[in-house]
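Coordinates in review
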Amino acid sequence: MAQESELNFKATELRLGLPGTDECEDMISSVKNNNKRSLSETVEDNASKDITSPETPPAPKAQIIGWPPVRSYRKNNLQTKKTESETGIFVKVSMDGAPYLRKIDLKIYNGYAELLKALETMFKFTIGEYSEREGYKGSEYAPAYEDKDGDLMLVGDVPWNMFMTSCKKLRIMKGSEARGLGCGV
Amino acid sequence: MAYSFPEEVLEHVFSFLCSDKDRNAVSLVCKSWYEIERWCRRRIFIGNCYSVTPDIVIRRFPKVRSMEMKGKPHFADFNLVPEGWGAYVYPWISAMSVAYPLLEEIKLKRMVVTDECLELISKSFKSFKVLVLSSCEGFTTDGLASIAANCRNLRELDLKESEVEDLSGHWLSHFPEHCTSLVSLNMSCLGSEVSFSALERLVGRCPNLKTLRLNRAVPLEKLPNLLSRAPQLVELGTGTYSSEVRVDIFSNLSEAFSVCKQLKGLSGLWDAVPAYLPAMYSVCPGLTSLNLSYATIQSPDLSKLVSQCPNLQRLWVLDYIEDSGLEALATSCKDLQELRVFPSDPFGAEPNVSLTEQGLVTVSEGCPKLQSVLYFCRQMSNAALVTIAKNRPNMIRFRLCIIEPQAPDYVTLEPLDTGFGAIVKSCKELRRLSLSGLLTDRVFEYIGTHAKKLEMLSIAFAGDSDLGLHHVLSGCESLRKLEIRDCPFGDKALLANAAKLETMRSLWMSSCSVSYGACKLLGQKMPRLNVEVIDERGPPELRPEICPVEKLYIYRTVAGRRIDMPDFIWTMDEDAALQHS
């Protein structure tokens, strides 16, 4: 009953205020009523003011201007780091004779040492010691990769960062083929 | 009695007075002391550029050599002050270029500085030595080129966190080959790469260079070249601290650091890679200041690093350090005075690191000299705050930011009034306080009752009513700066404490409940205050008087109303009704 009369009142209300005063009343009442949970009009998404029931998932966090109080240059520094780490560089790794391939994220390794150690663990073998002259000596395995041009290259020749961007897939070669690739003649 | 001393003798005595407070006191003794003092004051500090005009300053102090000034309100750091607000330094530079030809130092904070200003500085002051631009904006690297090229005796160029339009790195090459006077260079806020050979030569020919803060663009493998040319450095800001891991780079770096026996402060360390941290271990025992707030390394590496720095007095770090790292800090760094922990993921909904209130409690227990804290975290309890207060009654600056607004004590779900109350009750020398979390009017009662030395207070999303604001304004005797956002504080407290505002530097209130009518009344009642309404919705005249204003900035001044305001700011005074936007 009260609702019915309210609907009519608002429509036929005689007001002396200038156009736009509605918003002022809303502002005063909202500040007064929201004493405890007073997220002000600066909140861009007002939907977050509603208390949600347990079933509905919480509304996405609305960003309040200037909160938390972190200066822009700090925020910018962190953001670049974040986007960098979110995109991984996943490449397939195959080993001659193994029944199936694996996939690894090159981004999580700091360099060749870490990568090779991870491969050794993953496929349970030992890679020999790297030297520019002789490739991987002391083992019948050689880690190779296919680069952007489709060529089969020995892992370790180029700087790590260059390797990360040019490596398309890894292949752990075994046996005579490996020796041909790795060692000098 | 005073007139029997020759002026020169008094002047000589006054030359030993450094603090403004002392000099101001001396000026009040009698007319002749006022006169003598004003002619020999060499340094002036103006905390609010709009509190006075260049003419008034120059008229009173004709022989100034060093000038320091601040512009925008502190909340400008968090984008709460609209673009175009003001704080232009040009009128000051212009007036001083005529009045103070012997000016040597200009230090500005949160001001708008143009290339024109920089060029004018470089050409007007023949003995110019020190330029510090802290959080300033409005200039480009071309302006820096003028300074580099024309200031023959430049000792200090410090661009602390300013926003510079980076046109190119070429500005550095404008330092003439005969410039050997540099003592301090901070270019860490710039993006562009400078000519490395020019930088190398500059560093090599300045034997008194003590502070060098590089920008991110300087690659790690080149750092040894600079360090070997400046082994006398006391403060170093590295460039990017990341590179492919190579033995030769590591050994060069390690060797270069080992030669820097005077190094006390280290910063920069962008993108720090754990593999290269041991290269700096040789300087760690001597470090008193370490800024790791750009180093995204994890807790184990951070713990290891701080454990090598037993003489550390100041640590700035990201919350990657976690509670475990702070425990290592508390164990190893017994001289620690200042700790700042910044959030690595301020906008994430869930915590990404294991940093809680416990870390801060541990440091408060282990570090007896801890007096200055800035701490971002996601949970806090009254119990923790009470413990911190008990451990550290010597606290001077306490700024706590619980990331979720109005977060209660996570254990009891109560407001954090008791905890902050304990802080102000125990820490009798507290000068600066920033509040966060769920807070009622009660916390302000505690603050008004106990925080008698408090000079600066920052409040957000707190309080229930005007009573809260009233407690602060009527109780905090030493209050100079008060900044408030999103609190239900309105007209009553403000009008009842109008006189208090003349004893303060400034008051900022945004998204509160102060009505336009109250602002007008205050402006009319208090002619020595500028009551400025900032409202981007348009002229407040077009809305009813009871309508709250968006933002309000009140400050004492002898300059009268501003004449350089943008169209979204209105000064409330006797002519308020006659003003147009």
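Nothing here was measured: the structure is a model prediction, and the numbers come from that model.

The rules behind each value
- Residues numbered from 1 in each chain as written.
- Chains lettered and ligands numbered in written order.
- Predicted model: local features only at pLDDT ≥ 70, side-chain atom pairs only at ≥ 80, totals over all residues.
- Heavy atoms only, no water.
- Helix = DSSP H or I, 4+ residues; strand = E, 2+ residues; numbered from the N terminus.
- Buried < 20%, exposed > 50% of the residue type's maximum accessible area, 1.4 Å probe, protein only.
- Contact = heavy atoms within 4.5 Å.
- Areas by Shrake-Rupley, 256 points an atom, 1.4 Å probe, with all protein chains shown as cover.
- Rg over C-alpha atoms; globule rule 2.2 N^0.38 Å.
- Lys, Arg positive; Asp, Glu negative; His and termini not counted.
- Charge placed at Lys NZ, Arg CZ, Asp CG, Glu CD.
- UniProt positions renumbered as here; feature names shortened; annotations may be inferred.
- Arc of directions from axis to C-beta.
- Right-handed = clockwise from strand over helix to strand, strands pointing away.
- Pairing = 2+ DSSP bridges.
- Axes fitted to C-alpha atoms, helices over the stretch in contact; angles between N-to-C directions.
- Phe/Tyr/Trp six-rings, centres within 6.5 Å; stacked < 30°, edge-to-face > 60°.
- Polar contact = N/O pair within 3.5 Å; in protein donor to acceptor, adjacent residues only side chain to side chain.

Let's talk about the overall build of chain A
- The number of helices and strands found in chain A is 6 helices and 7 strands.
- For chain A, the succession of helices and strands along the chain, N to C, is α-α-α-β-β-α-β-β-β-β-α-β-α.
- A total of 185 residues make up chain A; the buried ones form 34% of that total.
- Across chain A, every contact between residues at least 6 apart in sequence was considered, and the portion connecting residues at least 24 apart equals 43%.
- Roughly 12600 Å² of accessible area belongs to chain A as shown, and the carbon and sulfur atoms make up 54% of that amount.

What to know about the overall build of chain B
- Looking only at helices and strands, one finds 20 helices and 23 strands in chain B.
- Computed over C-alpha atoms, the radius of gyration of chain B comes to 25 Å, within 12% of the 25 Å expected from 2.2 N^0.38 for 581 residues, which places it in the range of a compact globule.
- Based on the C-alpha atoms only, the size of chain B along its principal axes is roughly 70 × 65 × 55 Å.
- Counting over 581 residues, chain B shows a buried share of 59%.
- The contacts in chain B between residues at least 6 apart in sequence include a share of 69% that link residues at least 24 apart.
- Here chain B displays about 22800 Å² of accessible surface, and carbon together with sulfur accounts for 53% of that area.
- Chain B carries 64 positive and 70 negative side-chain charges, and their two centres are separated by 7 Å.

Structural notes on the UniProt feature "domain: F-box" (unreviewed entry) in chain B
- Mapped onto the present numbering, the UniProt feature "domain: F-box" (unreviewed entry) falls on residues 5–46 of chain B.
- Along residues 5–46 of chain B one finds 62% helix and 10% strand; the C-alpha atoms at either end are 31 Å apart.

Quick notes on helix 11 (residues 299–307) of chain B
Residue and element names in this part refer to chain B.
- The set of residues buried in helix 11 consists of Ser299, Leu302, Ser303, Leu305 and Val306. Along the axis of helix 11, the buried positions cluster into a sector of 165 degrees, meaning they face one direction only.
- In the core, the buried residues of helix 11 are packed alongside strand 12 (289–292), strand 13 (314–318) and helix 12 (322–332).

Looking at the pairing of strand 18 (residues 456–460) of chain B
Residue and element names in this part refer to chain B.
- Judged by how many residues are buried, strand 18 sits mostly within the fold: 5 of 5 residues are covered.
- Along strand 18, one buried face is formed by Met456, Ser458 and Ala460 and the opposite face, lined by Leu457 and Ile459, is buried too.
- In the classification by handedness, the crossover that spans strand 17 (residues 432–434), the intervening helix 16 (residues 441–450) and the parallel strand 18 is right-handed.
- Assessed by its sense of winding, the connection that carries the chain from strand 18 through helix 17 (residues 466–475) to strand 19 (residues 481–485) is right-handed.

Observations concerning the UniProt feature "domain: PB1" (unreviewed entry) in chain A
- Here, the residues flagged by UniProt with the feature "domain: PB1" (unreviewed entry) are residues 88–175 of chain A.
- Along residues 88–175 of chain A, the helical share is 23% and the strand share 35%, with 32 Å between the first and last C-alpha atoms.

Points about the environment of Ile44 of chain B
All names here are of chain B.
- With respect to the helices and strands, Ile44 occurs in strand 1 (residues 43–46).
- The sequence separation of Ile44 and Leu339 amounts to 295 residues, and the corresponding C-alpha distance is 30 Å.
- Setting aside its immediate chain neighbours within four residues, Ile44 contacts Val57, Phe61, Val64, Ser66, Met67 and Glu68.

Structural notes on the sheet that holds strand 2 (residues 102–105) of chain A
Residues and elements named next belong to chain A.
- Spatially, the 5 strands line up as an open sheet ordered 2-1-7-5-6, and their pairing is mixed. With one partner strand each, in any of the chains shown, strand 2 and strand 6 (152–154) form the two edges of the open sheet. When the angles between neighbouring strand axes are averaged without regard to direction, this sheet yields 35 degrees.
- The pairing of strand 5 (residues 141–146) with strand 7 (residues 169–174) spans 6 bridges and is antiparallel. Note that in strand 7 the partner of Glu146 across the bridge is Lys169.
- The strands that helix 4 (residues 112–123) touches are strand 1 (90–95), strand 2, strand 5 and strand 7; relative to strand 2, the one it contacts most, it runs at about 155 degrees.

Topic: the packing of aromatic side chains
Residues and elements named next belong to chain B.
- Following the criterion strictly, the structure yields 20 aromatic pairs over all chains and no others.
- Between Phe14 and Trp33, the aromatic rings sit 5.3 Å apart at their centres with planes inclined by 65 degrees, giving edge-to-face as the arrangement. Of this pair, Phe14 sits in helix 1 (residues 7–14) while Trp33 sits in helix 3 (residues 31–40); the two residues are 19 residues apart in sequence, bridging distant segments of the chain.
- Three or more aromatic residues joined by ring pairs form one cluster here, namely Tyr50, Trp85, Trp508, Tyr553 and Tyr555.

What to know about unusual backbone geometry
- With an omega of -10 degrees, the peptide bond between Trp67 of chain A and Pro68 of chain A qualifies as cis.
- Looking at the secondary structure, you find Pro68 of chain A in the loop between helix 2 (21–33) and helix 3 (72–86).
- Phi at Phe461 of chain B is positive, roughly 50 degrees, even though this residue is not glycine.
- Inspection of the secondary structure puts Phe461 of chain B in the loop between strand 18 and helix 17.

Focus: the side chain of Ser293 of chain B
- Inspection of the secondary structure puts Ser293 of chain B in the loop between strand 12 and helix 11.
- Overall, the relative accessible area of 3% leaves Ser293 of chain B in the buried class.
- Among the polar contacts made by the side chain of Ser293 of chain B, one reaches the side chain of Arg74 of chain A at a distance of 2.9 Å.
- Excluding residues within four positions of it along the chain, Ser293 of chain B makes contact with Arg74 of chain A together with Trp316, Val317, Leu318 and Phe342 of chain B.

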